[in-house]
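Descriptive structure summary
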Amino acid sequence: MTVVFDGIASGMLLFLIAVGLSVTLGLMNFVNLAHGAFAMFGGYVCVVASGRWGIPFLPAVVLAALATAALGALLERLLFRRLYGASQLDQVLFSIGLVFVAMAIARWGFGPAQQPIRLPTWLQGQVHLGGLDIGVYRAFLVVLGLAVAYGLHRAIGVTRFGARLRASVDKPDVARGMGIDVDRVFVVTFALGSGLAGLGGAVGVELLGLDPSFPLRYLVYFLIVVAVGGSGSIPGSLIAAILIGVCDVAGKYWMPQVGAFIIYTVMVVMLIVRPHGLLGRK
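1. What to know about helix α6 (residues 160-170)
Within α6, burial applies to G162, L165, S168 and V169. The buried residues of α6 all sit within an arc of 125 degrees when viewed along its axis, so they share a single face.

Listed below in structure tokens is the structure:
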């Protein structure tokens, strides 16, 4: 049960980072492989804010999410917007190039070493519940992930903004004719996806580590979550992240020799059974 809970917490952390990619890739139809660079940026902002500026952990996490959202909005205005109508190959090449630029900047500014972060005392240690040892920080990640999943599902699936987003992506000319500011909808959505990446990167420093290779090291994990969960499906991404997290942790615990390949096996089997993902649209 401890392994299962650790796997759920790992999956929740993976969901917090990857759900932003589900927003930009699944809902906006933009292949943003630079998503991990935004997560890395949020991690560095949190490390600098908490370690150098003395800001408490939670305000530093909020600051990281807001700063990453602002960066995403700026880059959407300056760069990403020019490629909305381009081919997927152009989007892939551009975003991968942006990843290498971000990695070079991070290495120049912070060096190649892992960045340390110190959690507040109330997030350290373990609690004993029914014979199960639960890490406090992992429990915090589970609660945070569920809260983000619920809020994002409500925001996109129920509100007027979600309806405007779907209309702007599916029929932008018709949406403009109905008075919807498509450009504003896109910049807000891109900022939302980037901010979620920054949030996940900030809270993930303790478990995932943080160095300039972060965007490429975890890019495959983010893509697996989106592919298995289904393009544009927030609940699907949540289920996929938990499934992958549990399988990954359990595989590394019980079969360390092949543990790293477990998630790829799960991905292949799931996509054979459900080619469009768990909750993806056909």
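There's more to say after this.
2. As for the side chain of S50
Considering the arrangement of structural elements, one finds S50 in helix α2 (residues 35-51). Classification of S50 by relative accessible area gives buried; the value is 19%. At 2.7 Å, the side chain of S50 and the backbone oxygen of C46 are in polar contact. Excluding anything up to four places from it in sequence, S50 contacts I55, A60 and I117.

3. Some thoughts on the nonpolar core
Within the largest apolar cluster, 85 residues are counted, with the highest numbers of intra-cluster contacts made by F15, C46, F57, Y137, V203, F214 and F222. When near neighbours in sequence (up to four residues on either side) are disregarded, C46 contacts G51, F57, A60, V61, A64, I117 and A202.

4. Some remarks on the packing of helix α5 (residues 136-157) against α6
Put simply, α5 and α6 touch, their axes get as near as 5 Å, and they point 65 degrees apart. Taken together, the residues of α6 that come into contact with α5 (itself represented by A155, I156 and G157) are G162, A163 and R166.

5. Details of the packing of helix α11 (residues 219-229) against helix α12 (residues 234-254)
The interhelical angle for the contact between α11 and α12, taken along N-to-C directions, is 125 degrees, at an axis separation of 8 Å. By the angle between their axes, α11 is oblique relative to α12. The two elements α11 and α12 cross, and the hand of that crossing is right-handed. Side by side, α11 and α12 meet where Y221, I224, V225, V228 and G229 of the first sit next to G236, S237, A240, A241, I244, D248 and K252 of the second.

6. With respect to the pattern of salt bridges
Applying the stated rule across the entire model yields five salt bridges. D6 is the salt-bridge partner of R138, the closest N and O atoms lying 3.5 Å from each other. Taken as a pair, R138 in helix α5 and D6 in helix α1 (residues 2-27) lie far apart in primary sequence, 132 residues in all. On the accessibility criterion, D6 (23% relative accessible area) is partly exposed. The partner of D211 in a salt bridge is R217, with the nearest N and O atoms 3.2 Å apart.

7. So, the side chain of Q115
As for its position among the elements, Q115 is in the loop between α4 (88-110) and β1 (126-129). At a separation of 3.4 Å, a polar atom in the side chain of Q115 contacts the main-chain carbonyl oxygen of A113. With residues up to four places along the chain from it excluded, the contact list for Q115 reads Y44, V47, F110, V205 and L210.

8. Describing the packing of aromatic side chains
One pass over the structure, following the stated rule, counts 13 aromatic pairs. Ring geometry for F38 and F190: centres 6.1 Å apart, planes at 80 degrees, overall edge-to-face. Of this pair, F38 sits in helix α2 while F190 sits in helix α8 (residues 182-203); the two residues are 152 residues apart in sequence, bridging distant segments of the chain. Note on accessibility: F38 and F190 belong to one class, buried.

9. Brief notes about the environment of R176
Assignment of secondary structure puts R176 in helix α7 (residues 172-177). Discounting residues that sit within four places of it in the chain, R176 has contacts with V182 and D183.

10. Section: the layout of surface pockets
Taken as a whole, the largest pocket encloses approximately 360 Å³ of empty space. Considering the residues around the largest pocket, the lining is formed by 17 residues, among which S10, L207, L208, D248 and V249 are closest to the centre. The set of elements that each furnish at least two residues to the lining of the largest pocket consists of α1, α9 (205-208), α11 and α12. Sort the elements by how many residues they give to the lining of the largest pocket and α1 lands first, with six residues. Residues that form the lining of the largest pocket fall into these classes: 11 nonpolar, two polar and four charged.

What counts and how
- Residues numbered from 1 in each chain as written.
- Predicted model: local features only at pLDDT ≥ 70, side-chain atom pairs only at ≥ 80, totals over all residues.
- Heavy atoms only, no water.
- Buried < 20%, exposed > 50% of the residue type's maximum accessible area, 1.4 Å probe, protein only.
- Helix = DSSP H or I, 4+ residues; strand = E, 2+ residues; numbered from the N terminus.
- Arc of directions from axis to C-beta.
- Polar contact = N/O pair within 3.5 Å; in protein donor to acceptor, adjacent residues only side chain to side chain.
- Contact = heavy atoms within 4.5 Å.
- Core = buried A, V, L, I, M, F, W, Y, C linked by side-chain atoms within 4.5 Å.
- Axes fitted to C-alpha atoms, helices over the stretch in contact; angles between N-to-C directions.
- Parallel < 35°, antiparallel > 145°, perpendicular 65-115°, else oblique.
- Left-handed = near helix turned anticlockwise from the far one by under 90°.
- Salt bridge = Lys/Arg side-chain N within 4 Å of Asp/Glu carboxyl O.
- Phe/Tyr/Trp six-rings, centres within 6.5 Å; stacked < 30°, edge-to-face > 60°.
- 1 Å grid on protein atoms, 1.4 Å probe; cavity = no way out; pocket = protein on both sides within 12 Å on 5 of 7 lines; lining within 4 Å.
- Points joined across faces, edges and corners; volume = space filled by probe spheres on them.
- Nonpolar A, V, L, I, M, F, W, Y, C, P; charged D, E, K, R; others polar.

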